[in-house]
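The residues making up each chain are set out below.
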Amino acid sequence: MAKGEGAESGSAAGLLPTSILQTGERPGQLSSSSQKEPKKKQQLSICNKLCYAVGGAPYQVTGCALGFFLQIYLLDVAQVDPFSASIILFVGRAWDAITDPLVGFCISKSPWTRLGHLMPWIIFSTPLAIIAYILIWFVPDFNKNDQTLWYLLFYCLFETLVTCFHVPYSALTMFISTEQSERDSATAYRMTVEVLGTVLGTAIQGQIVGQADTPCLPEHNGSMLPSENVGRTNSTASLQKTQNAYLLAGGVIASIYVLCAVILTLGVREQREPYKTQQTEPMSFFRGLRLVMSHGPYVRLIAGFLFTSLAFMLVEGNFALFCTYTLGFRNEFQNLLLAIMLSATLTIPIWQWFLTRFGKKTAVYIGISSAVPFLILVALMESNLIVTYVVAVAAGVSVAAAFLLPWSMLPDVVDDFHLKQPHSHGTEPIFFSFYVFFTKFASGVSLGISTLSLDFAGYQTRGCSQPARVKFTLKMLVTMAPIVLILLGLLLFKLYPIDEEKRRQNKKALQALRDEASSSGCSDTDSTELASIL
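Source: prediction; values computed, not measured.

Turning next to the packing of helix 13 (residues 371-380) against helix 16 (residues 468-493). Working note: a packed helix pair is described by the angle between its axes plus the distance between those axes. Look at helix 13 against helix 16: their axes get within 9 Å of each other, and the N-to-C directions meet at 150°. In terms of their interaxial angle, helix 13 and helix 16 are classed as roughly antiparallel. In the packing of helix 13 onto helix 16, the handedness of the crossing is left-handed. Where helix 13 approaches helix 16, its residues Ala371, Val372, Leu375, Ile376, Val378 and Ala379 are matched on the opposing element by Lys475, Val478, Thr479, Met480, Pro482, Ile483 and Ile486. Partitioning the contact of helix 13 with helix 16 into residue classes produces eleven nonpolar, one polar and one charged.

Let us now look at the pattern of salt bridges. The full count for this structure, using the stated rule, is five salt bridges. Between Glu194 and Arg190 there is a salt bridge; the shortest N-O distance is 2.8 Å. Placement of both Glu194 and Arg190 in helix 7 (residues 180-210) is noted, with a separation of four residues, approximately one turn of the helix. Here Glu194 matches Arg190 in class, with each residue buried.

Even without being a glycine, Gln79 presents a positive backbone phi close to 60°. Along the chain, Gln79 falls in the loop between helix 3 (57-77) and helix 4 (82-109).

Turning to the nonpolar core, a few remarks are in order. Core analysis: the largest hydrophobic core is formed by 146 residues, its most contacted members being Tyr73 and Trp137. Those residues in contact with Trp137, other than ones at most four positions away along the chain, are Ala65, Leu66, Phe69, Leu70, Tyr73, Gln205, Gln243, Tyr246, Leu247 and Gly250.

A few words on the environment of Ile98. Mapped onto the fold, Ile98 is located in helix 4. Owing to a relative accessible area of 36%, Ile98 belongs among the partly exposed residues under this scheme. Separated by 338 residues in the primary sequence, Ile98 and Val436 place their C-alpha atoms 9.6 Å from one another.

As enumerated under the stated definition, the model contains 19 aromatic pairs in all. Considering the side-chain rings of Tyr133 and Trp137, the 6.1 Å spacing of their centres and the 70° angle between planes classify their relative orientation as edge-to-face. In this structure Trp137 comes out as buried when scored by relative accessible area, which is 1%. A network of ring pairs unites the aromatic residues Tyr73, Tyr133, Trp137, Tyr151, Phe158 and Tyr246 as a single cluster. Above the face of the Phe358 ring, Arg357 is positioned so that its terminal group lies 5.0 Å from the ring centre.

Residues spaced three or four apart along an α-helix point in a common direction, a consequence of the helix completing one turn every 3.6 residues. Relative to the 44 Å expected for 30 residues at 1.5 Å per residue, helix 15 (residues 428-457) spans 44 Å between its end C-alpha atoms, a close match to the ideal helical length. By the criterion of burial, helix 15 is predominantly enclosed, with 22 of the 30 residues buried. Phi turns positive, to about 100°, at Gly458, one or two residues after helix 15.

Tracing the sequence through the fold places Arg93 in helix 4. Taking relative accessible area as the criterion, Arg93 reaches 11% and is therefore assigned buried. Of the polar contacts made by the side chain of Arg93, one reaches the side chain of Tyr155; its length is 3.1 Å. Apart from the residues lying within four places of it in its own chain, the contact partners of Arg93 are Gly67, Tyr155, Glu316, Lys440, Ser443, Gly444 and Leu447.

Position of Thr308 relative to the elements: it lies in helix 10 (residues 296-326). Residue classification places Thr308 among the buried positions, given a relative accessible area of 2%. There is a polar contact of 3.3 Å between the side chain of Thr308 and the backbone oxygen of Phe305.

The next subject is the state of the cysteines. Inspection of every chain in the model, using the stated rule, returns zero disulfides. Cys47 carries a free sulfur, and the closest cysteine sulfur to it, the one in Cys51, is 4.1 Å from it.

Here we come to a nonpolar patch on the surface. On the surface, Phe83, Ile87, Phe90 and Val91 cluster together into a nonpolar patch covering about 310 Å² of accessible area. Inspection of the secondary structure puts Phe90 in helix 4.

Here helix 14 (residues 385-420) spans 53 Å end to end across 36 residues, near enough to the 52 Å set by a 1.5 Å rise per residue. Burial analysis of helix 14 places 27 of its 36 residues in the buried class, the great majority of the element.

Put simply, helix 10 and helix 16 touch, their axes get as near as 8 Å, and they point 165° apart. In terms of their interaxial angle, helix 10 and helix 16 are classed as roughly antiparallel. At the point where helix 10 passes helix 16, the crossing takes the left-handed sense. Per-class residue counts for the contact of helix 10 with helix 16 are 22 nonpolar, five polar and two charged.

Here is what the cut-offs are and how they apply
Residues numbered from 1 in each chain as written. Predicted model: local features only at pLDDT ≥ 70, side-chain atom pairs only at ≥ 80, totals over all residues. Heavy atoms only, no water. Axes fitted to C-alpha atoms, helices over the stretch in contact; angles between N-to-C directions. Helix = DSSP H or I, 4+ residues; strand = E, 2+ residues; numbered from the N terminus. Parallel < 35°, antiparallel > 145°, perpendicular 65-115°, else oblique. Left-handed = near helix turned anticlockwise from the far one by under 90°. Contact = heavy atoms within 4.5 Å. Nonpolar A, V, L, I, M, F, W, Y, C, P; charged D, E, K, R; others polar. Salt bridge = Lys/Arg side-chain N within 4 Å of Asp/Glu carboxyl O. Buried < 20%, exposed > 50% of the residue type's maximum accessible area, 1.4 Å probe, protein only. Core = buried A, V, L, I, M, F, W, Y, C linked by side-chain atoms within 4.5 Å. Phe/Tyr/Trp six-rings, centres within 6.5 Å; stacked < 30°, edge-to-face > 60°. Lys NZ or Arg CZ within 6 Å of the ring centre and 35° of its normal. Expected span 1.5 Å × (residues − 1). Polar contact = N/O pair within 3.5 Å; in protein donor to acceptor, adjacent residues only side chain to side chain. Disulfide = S-S within 2.5 Å. Patch = residues over 30% accessible without salt bridge, like charges linked within 9 Å, V, L, I, M, F, W, Y side chains within 5 Å. Areas by Shrake-Rupley, 256 points an atom, 1.4 Å probe, with all protein chains shown as cover.

This is the structure we're talking about:
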């Protein structure tokens, strides 16, 4: 499946250019000059790591609010019919997926500036993104067709702009330090802040919206009562209050987005790899894409995380409706979401310690599979609020692993690629953007199909209760479907070749490349005119 796959199990040192290895020197052994003059380890300060980590919050705060609340907002607040809502969710997520490689391509063609190579994208996309985000939560006084177009337009526009923020931010992982351990540490900071961002998004959106009681229409003789029979004036006033609550929450989250973008811009500086600056010709995007997609470890990693991410996205997208209608906790679902996210936040440092102590593949197997027993329990148990809170806290432990591990393992794949393709540079945005592309596209398909399945099951917009078929469908979408996807993902991880031994070999080989570049007299400052990073 991958080019040069048969050599994956060999020593990474054997892939080094011959100039790095002295005559008669065994592979994996550094030159005497390197041993005499070891390069000082490049360390990031805690302030640098925190400023970098804060940059991950905007994507997670907005993504959490949209992921958990957009579906129920469209159906019960904006009163979009289920079929139109499924179109909005699917097209929006699918477009979001397509924009990732497009933005990655544009980044690869953009020049290095005084602000850096990636920072200008982050800076200039922010103001437009927050305007589009606020307008998603505004209910226009249009007819149904125009209203559908409104939400589709601003949802797609926001996803495009937030991609212009998140793709360069994700690629920034490779440019904050040349040390694997420092990147892993910064990633742990980032994942902790991102999970805090989901807590913040859940708390702000959930608690502000929770203060407004969304009106519902009770069922009478198998059909929804006309609005005039249940107090049209009171229902309209209550609905307007709920719409204002969603708009207020959107404004608060947009303010957080701006604040985090400012901290990231002021606190992080991009750095260049010494050995990359010696390259004189940047690689074309499509040639880089072919090389990236033929790299075996990358294909296997994204295949595994594609299924596991899809499982958690199914739970995220349908959890509010599941709690409201299947479990009957209409006024508690925002608190249950908060319990999951708080639990995930507290266990991120534990998973960082675990993957350092026992390895990343072991952390994948234990961390992600730990969600399965609790999903089974939710599927089998009767509606019980205390048990549901216990399950929510336990499920947060698995959510933490699902947040941390993909972004901790992707840099290892990039390092492995650099060793196998030492003359190929400028591929970092491709690695990160196409990983996000596959997960987003799959989530768009899952949300579109799940919302459409609710329509087929007979979902009643603004209903105080739902038919038995709708409740059963929600239970399958939140429990059994994610379990199957998690098991498939874990099976694919068995094929992932980069274990801890392989990672150590790659680290030594990359350090040899950097030492060779430094000893040749080519520093970051002296070589800025020779080549751009991407």
